[in-house]
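What follows is each chain in one-letter form.
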2 protein chains.
Amino acid sequence: MHFTPERMPPLTAIRLGIDTRQEPVIYLRADSPVCRSEGFSAMSRVLVSTDQQHAIATLNIVTGELLQTGQIGFSESAWQRLHLSIGDSVWLSHPKPVQSLSHVRAKVYGHQLDEMAFQSIINDIVDGRYADVHVAAFVTACGDNHLNDDEITALTHAMIKAGSVINWKTPMVIDKHCVGGLPGNRTTPIVVSILASCGLIMPKTSSRAITSPAGTADTMETLTNVSLSLDEMRHVVKQEGACLAWGGAMRLSPADDLLIQVERALDIDSEGQLIASVLSKKLAAGATHVLIDIPVGPTAKVRTAEAAELLANSFRSVAKKLGLAIDILLTDGSQPVGRGIGPALEARDILAVLKNQETAPADLKDRACLVAGAMLEMINQCPAGKGHLKAKEVLESGLAWEKFTAICQAQGGLFKPPVAPYRYSMVCHTPGIVQHIDNRQLSQVAKLAGAPADPEAGLEIFVKLGQRVEANDILLTIHAANAGELNYAVDFLEDHHTLITIAQGED
Amino acid sequence: MHFTPERMPPLTAIRLGIDTRQEPVIYLRADSPVCRSEGFSAMSRVLVSTDQQHAIATLNIVTGELLQTGQIGFSESAWQRLHLSIGDSVWLSHPKPVQSLSHVRAKVYGHQLDEMAFQSIINDIVDGRYADVHVAAFVTACGDNHLNDDEITALTHAMIKAGSVINWKTPMVIDKHCVGGLPGNRTTPIVVSILASCGLIMPKTSSRAITSPAGTADTMETLTNVSLSLDEMRHVVKQEGACLAWGGAMRLSPADDLLIQVERALDIDSEGQLIASVLSKKLAAGATHVLIDIPVGPTAKVRTAEAAELLANSFRSVAKKLGLAIDILLTDGSQPVGRGIGPALEARDILAVLKNQETAPADLKDRACLVAGAMLEMINQCPAGKGHLKAKEVLESGLAWEKFTAICQAQGGLFKPPVAPYRYSMVCHTPGIVQHIDNRQLSQVAKLAGAPADPEAGLEIFVKLGQRVEANDILLTIHAANAGELNYAVDFLEDHHTLITIAQGED
């Protein structure tokens with residue numbers, strides 16, 4: 001019935017080689033007829049179509065000589081999202097208004113959202129219809145404890161449905177997750193190796209760091225290939241009973257990967273999104289039995305026993321609604337675990353524990369056995385109270401190390417972690433007793449030093465709470481890949497004297 | 001004390017001519033030594049320094065032949081922010097962590113913020129230390145009614161301090177603001193003309209549209225120059241007692257201009273930010289007496305009398321804390337005002353009213369006199385209940401039109417508003433009585449048609465509530481600058497049959 005314009009002649013696709021990460025950007029001359037005919041201006045959200053594909057991108061207007069008339073430039077992510085080849089024909093038009101943003105607004109206004117609402121939000125995010133500011137508004141609106149258990153369950157369902165789900169066709173598939181906030185607490189590779197050598201199925205997918213100096217995937221990447229496809233992962237698990245892979249390549253809960261990008265920039269904790277993120281990944285990976293490790297300490301992510309109990313109750317309630325067997329382990333979160341903080345430095349600790357070396361950090365070994373033991377008890381593989389000991393036996397027998405090397409070989413080989421060329425050591429000035437260690441500040445130092453983007457960067461801490469230190473003892477050593485970041489971390493160190501508190505006085 | 005790297009050799013500045021709006025972006029080759037030495041990667045936030053200036057920008061990594069070794073590319077906003085010339089030397093480094101983000105997080109967690117906290121957030125936003133996602137988190141955290149009156153007062157103070165404040169050195173400076181949500185309700189130019197011709201001082205600065213099809217500044221821009229500097233504005237006000245300028249060029253509450261960019265993308269209402277935005281602009285512009293017009297209706301911004309009273313109370317309470325005399329006028333917000341919706345179409349209505357033309361929309365004239373009259377009464381320029389009539393007399397005498405032309409001449413001349421080439425008329429199919437008009441959907445149609453970016457775009461509505469319409473009567477006409485946008489607006493019209501509801505039945 002209404003006025004229908006001629007379809008505009010197509011634009012010719014040019015790959016500009018500009019890396020804008022996950023945000024697809026297109027570049028168009030200011031004098032392009034399509035800008036006039038469609039009313040586009042700089043930063044407009046634009047629907048980009050080829051004969052086969054379409055995607056939404058952000059428009060940057062080019063006033064210089066970057067492009068010729070009739071050309072359209074693409075950032076790398078826009079180019080890849082549309083599977084383009086040079087010279088392809090491209091059309092631009094207005095995207096439809098994003099209806100699900102009304103649900104984000106409803107959440108800001110304090111309303112409860114149902115599963116349909118979460119599903120439409122998550123689908124739009126996965127389909128690239130949200131700009132980063134929209135994702136930021138959603139993350140913020142769900143921040144703190146703004147989601148109740150029904151909403152967390154609905155969000156988890158929605159996130160699972162937006163990606164692939166693995167069916168292992170076996171009655172028991174185990175998994176674990178640590179809520180984090182404790183630098184160096186890298187028990188997963190040890191736990192997986194112990195349990196897989198007990199014959200259990202543990203297809204472990206891990207994430208990269210969100211706000212910490214290393215995620216398990218970052219650490220494992222210094223030791224082996226972690227970017228497995230779904231088929232490669234199936235193959236490794238079939239052969240070894242377990243894997244230690246990065247979850248991001250498999251589109252298990254792809255919404256979570258996109259949310260995490262923005263959560264990292266905002267650094268806003270959200271209990272609901274934490275639970276949905278963890279449980280959606282576990283259920284999509286086919287887990288039936290999951291242990292959640294919650295370290296509790298004044299500078300850990302969870303600061304008090306009361307907060308831990310509230311979080312544990314939400315985890316239990318949502319897992320029950322989702323039909324997942326779950327157990328919660330509250331652990332000591334008062335100080336870092338092991339010596340290394342940062343991908344390669346943590347990898348070194350893990351190797352030392354698995355190889356039963358004398359220099360291996362005893363606390364990391366102990367925690368890994370505690371977690372593995374709790375999982376053995378949870379699935380009735382040993383009597384209550386005997387799990388810890390059984391895990392220790394398996395570890396000390398060398399079977400766990402054998403299993404670890406077999407898993408790495410199956411994933412593509414066991415590598416040596418990289419070493420950082422730049423270092424700085426902080427020494428003790430006056431003798432005393434180590435009274436307090438600030439986990440958050442330590443993580444900050446390791447991140448400023450370049451972790452996790454530089455896998456060799458981070459720090460080693462050489463003291464534990466209650467330990468006696470003398471003048472000129474080295475308290476910690478920063479590792480960096482370059483001088484700029486080393487300096488940046490040292491600057492922070494000099495401004496933050498509560499990082500490690502030494503109480504002076506009698507021995 | 002610590003390791004200090006050599007300062008890297010500078011990069012050479014290249015203007016790439018890429019328009020990224022307010023977000024400064026820089027472009028660097030992937031093989032640049034500074035990427036390695038400082039650990040930068042795509043989308044890093046980077047401190048860009050010249051010998052004179054520095055600014056934070058977002059880094060895009062270039063893998064193609066866009067730049068030569070040693071060059072650094074700049075988007076238009078980054079180039080302007082640093083006042084660069086081609087070939088200037090530029091250094092890159094890490095920006096300091098943005099401390100005020102901890103206050104944004106505290107707000108997400110439901111804590112009350114004090115003035116220091118708001119001041120540090122606002123200063124960081126004005127200095128460009130927030131990426132858009134951070135601003136989005138702040139806007140979302142303050143959304144709905146999450147700020148109490150003390151916080152709104154603190155935020156208003158912080159926003160005023162971050163910009164210029166005008167001192168008119170006269171005891172009474174009047175101003176008005178309409179909370180909006182009512183398309184076509186463009187009373188301001190008429191009110192200003194009436195009151196200035198009564199000898200009052202009304203240096204009116206207006207904003208561009210946030211989520212509506214036109215702001216007063218957009219409308220006035222089709223009639224005269226509104227981009228006045230502070231000095232130019234002083235000159236106009238000294239000569240005519242009033243002006244009708246765009247506030248954005250004067251850095252009155254510059255934080256507000258930046259917040260509005262993101263609020264527009266998110267479309268999230270925030271009572272606190274609305275009040276802070278309005279009152280910071282008024283106080284910075286030197287106002288002593290302000291009238292707030294709150295239209296109330298089922299599809300206006302404020303939907304119920306109760307909501308209007310709550311908002312009015314907050315306005316009164318915050319204004320009192322800030323030492324500003326304020327009066328609130330609740331008005332009928334059940335349907336659009338005048339005929340035109342969109343900058344140029346609204347300008348035409350204003351001209352008709354000011355010139356006392358027979359075709360002038362009576363409702364717009366009546367509302368303008370109501371508002372001007374309330375202001376005359378508020379400042380005791382006439383007895384209670386007589387303001388409306390006095391305003392009408394001034395308008396009908398032709399004095400207001402004389403004053404309006406004088407103001408426009410002083411600002412740079414009185415122009416003829418532009419005319420749209422593309423149109424589409426929606427006709428009535430079956431006779432009946434107009435029962436309901438949806439303000440929000442009407443605004444949406446006008447925006448899809450291209451308003452306010454295309455000043456000539458928008459719509460004319462030819463019916464009022466309760467009016468009898470016959471088959472083939474034109475209900476509304478869409479105006480567009482191009483075929484794409486016309487089509488887009490017509491598509492929406494065909495999908496939304498509740499835009500104008502006609503009740504069938506006896507006359």
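Computed from a prediction, not measured in an experiment: that's the story for all the values here.

(A) Molecular detail of the domain arrangement of chain A. Looking at the assigned domains, one finds that chain A contains domain 1 (11–93), domain 2 (174–247 + 282–411) and domain 3 (422–503). On a C-alpha basis, the centres of domain 1 of chain A and domain 2 of chain A stand 44 Å from each other.

(B) Structural view of the pattern of salt bridges. Scanning the model with the defined rule gives 40 salt bridges over all chains in all. Glu240(B) is the partner of Lys403(B) in a salt bridge, and the nearest nitrogen-oxygen pair spans 3.1 Å. Placement of Lys403(B) in helix 16 (residues 399–411) and of Glu240(B) in helix 9 (residues 230–240) is noted, with a sequence separation of 163 residues between them. Each of the two residues, Lys403(B) as well as Glu240(B), counts as buried. Bridged by salt links that share partners, the residues Asp124(A), Asp127(A) and Arg129(A) form one connected network.

(C) Expanded view of the interface of chain B and chain A. Facing the 64 residues of chain B at the interface are 64 residues of chain A. Around 5,300 Å² of area is buried between chain B and chain A when both sides are counted, 60% of it from carbon and sulfur atoms. Linking chain B with chain A are zero salt bridges. Applying the counting rule to chain B against chain A returns 14 residue pairs in polar contact (both at pLDDT 80 or more). If you tally residues by element for the side of chain B that touches chain A, the top one is helix 18 (residues 483–495) of chain B, at nine residues. Classifying every residue of the side of chain B that touches chain A gives 29 nonpolar, 19 polar and 16 charged. Pairing between strand 4 (residues 54–62) of chain A and strand 1 (residues 11–19) of chain B: two bridges, direction antiparallel. The residue bridging Val62(A) from the neighbouring strand is Ile18(B), located in strand 1 of chain B.

(D) Spotlight on the relation of the copies chain B and chain A. Mapping chain B onto chain A is achieved by rotating through 180° and translating by 0.0 Å along the same axis, at an RMSD of 0.0 Å. Taken together, these values place the two copies in the relation of a two-fold axis. In terms of C-alpha distance to the rotation axis, chain B has Val133(B) as its closest residue, with the C-alpha 2.4 Å off the axis.

(E) Focus on the sheet that holds strand 12 (residues 340–341) of chain B. All names here are of chain B. The four strands are arranged 12-15-17-13 in an open sheet whose pairing can be described as antiparallel. The sheet is open, and its two edges are formed by strand 12 and strand 13 (422–427), each paired on a single side. One ladder, built from six bridges, connects strand 13 with strand 17 (residues 474–480); its direction is antiparallel. Across the sheet, residue Arg423 finds its bridge partner in strand 17, namely His479. Helix 17 (residues 439–448) rests against strand 12, strand 15 (458–461) and strand 17 of the sheet, and its axis sits at about 135° to strand 15.

(F) Broad picture of the UniProt feature "domain: Pyrimidine nucleoside phosphorylase C-terminal" (unreviewed entry) in chain A. According to UniProt, the "domain: Pyrimidine nucleoside phosphorylase C-terminal" (unreviewed entry) feature falls on residues 433–500 of chain A. Secondary structure across residues 433–500 of chain A divides into 34% helix and 28% strand, with the first and last C-alpha atoms of the span separated by 10 Å.

(G) Fine view of unusual backbone geometry. Residues and elements named next belong to chain A. With an omega of 0°, the peptide bond running from Ala451 to Pro452 counts as cis. The phi torsion at Asp267 lies on the positive side, around 60°, for a residue other than glycine. Mapping Asp267 onto the fold places it in the loop between helix 10 (254–266) and helix 11 (271–284). Phi at Asn380 takes a positive value of approximately 55°, unusual for a residue other than glycine. With respect to the secondary-structure elements, Asn380 resides in the loop between helix 14 (362–378) and helix 15 (387–396).

(H) Summary view of the side chain of Arg367(A). All names here are of chain A. By the secondary structure assignment, Arg367 is in helix 14. For the buried residue Arg367, which engages in no salt bridge, the nearest side chain bearing the opposite charge is Asp293, 4.5 Å off. Among the polar contacts made by the side chain of Arg367, one reaches the side chain of Thr331 at a distance of 2.8 Å. One polar contact links the side chain of Arg367 to the main-chain carbonyl oxygen of Asp332, over a distance of 2.7 Å.

(I) Layout of the packing of helix 7 (residues 188–197) of chain A against helix 15 of chain A. Residues and elements named next belong to chain A. Two elements in contact, helix 7 and helix 15, have axes whose closest approach is 10 Å; the angle formed by their N-to-C orientations is 90°. In terms of axis orientation, helix 7 runs roughly perpendicular to helix 15. Residues Ile190, Ile194 and Ser197 of helix 7 pack against Ala391, Val394 and Leu395 of helix 15. Residue composition of the contact of helix 7 with helix 15, grouped by class: five nonpolar, one polar and no charged.

(J) Fine view of the nonpolar core. Counting residues in hydrophobic clusters, the biggest one holds 116 residues, and the most contacted among them are Leu279(A), Ile294(A), Phe315(A), Leu279(B), Ile294(B) and Phe315(B). Those residues in contact with Leu279(B) that sit more than four places away from it in its chain are Thr156(B), Phe315(B), Val318(B), Ala319(B), Leu322(B), Leu324(B) and Ile326(B).

Thresholds applied
- Throughout, residues of each chain are indexed from 1 in the direction in which the sequence is written.
- All chains are assigned letters beginning with A, and all ligands numbers beginning with 1, in the order in which they are written.
- In view of the model being predicted, local features appear only for residues whose pLDDT reaches at least 70, and side-chain atom pairs are presented and counted only at 80 or more, with totals across whole chains, interfaces and linings using the full set of residues.
- Water and hydrogen atoms were dropped before computing side-chain values, which therefore reflect all heavy atoms in the structure.
- Start and end points for every domain follow an automatic or database-based domain assignment.
- Salt bridges are defined by distance alone: a side-chain nitrogen of Lys or Arg within 4 Å of a carboxyl oxygen of Asp or Glu.
- Helix numbers and strand numbers start at the N terminus; a helix is a DSSP run of H or I with at least 4 residues, a strand a run of E with at least 2.
- Only protein chains enter the accessibility calculation, which uses a 1.4 Å probe. A residue is then buried if its area is under 20% of the maximum for its type, exposed if over 50%, and partly exposed in between.
- Contact definition: two residues touch when any of their heavy atoms are within 4.5 Å.
- The quantity reported as buried area is the accessible area (1.4 Å probe) lost by two parts once they are put together, taken as the sum for both.
- Nitrogen and oxygen atoms within 3.5 Å of one another constitute a polar contact, given that in protein one can donate a hydrogen and the other can accept it, and given that sequence-neighbouring residues count only through two side-chain atoms.
- Residues are grouped as follows: Ala, Val, Leu, Ile, Met, Phe, Trp, Tyr, Cys and Pro are nonpolar; Asp, Glu, Lys and Arg are charged; all remaining types, including Gly, are polar.
- Being paired, for any two strands, means DSSP has found at least two bridges between them.
- The copies were overlaid with a least-squares fit restricted to C-alpha atoms from residues scoring a pLDDT of at least 70 in each copy.
- Axis definition: a line fitted to C-alpha atoms, over the contacting stretch in the case of helices. Angles run 0 to 180 degrees between N-to-C directions.
- UniProt positions are given in the numbering used here, feature names are shortened, and annotations may be inferred rather than shown by experiment.
- For this count, His and the chain ends are skipped, Lys and Arg are scored as positive, and Asp and Glu as negative.
- Orientation labels follow simple angle bins: below 35 degrees gives roughly parallel, above 145 gives roughly antiparallel, 65 to 115 gives roughly perpendicular, and whatever is left gives oblique.
- Side-chain atoms within 4.5 Å are what join buried Ala, Val, Leu, Ile, Met, Phe, Trp, Tyr and Cys residues into a set we call a nonpolar core.

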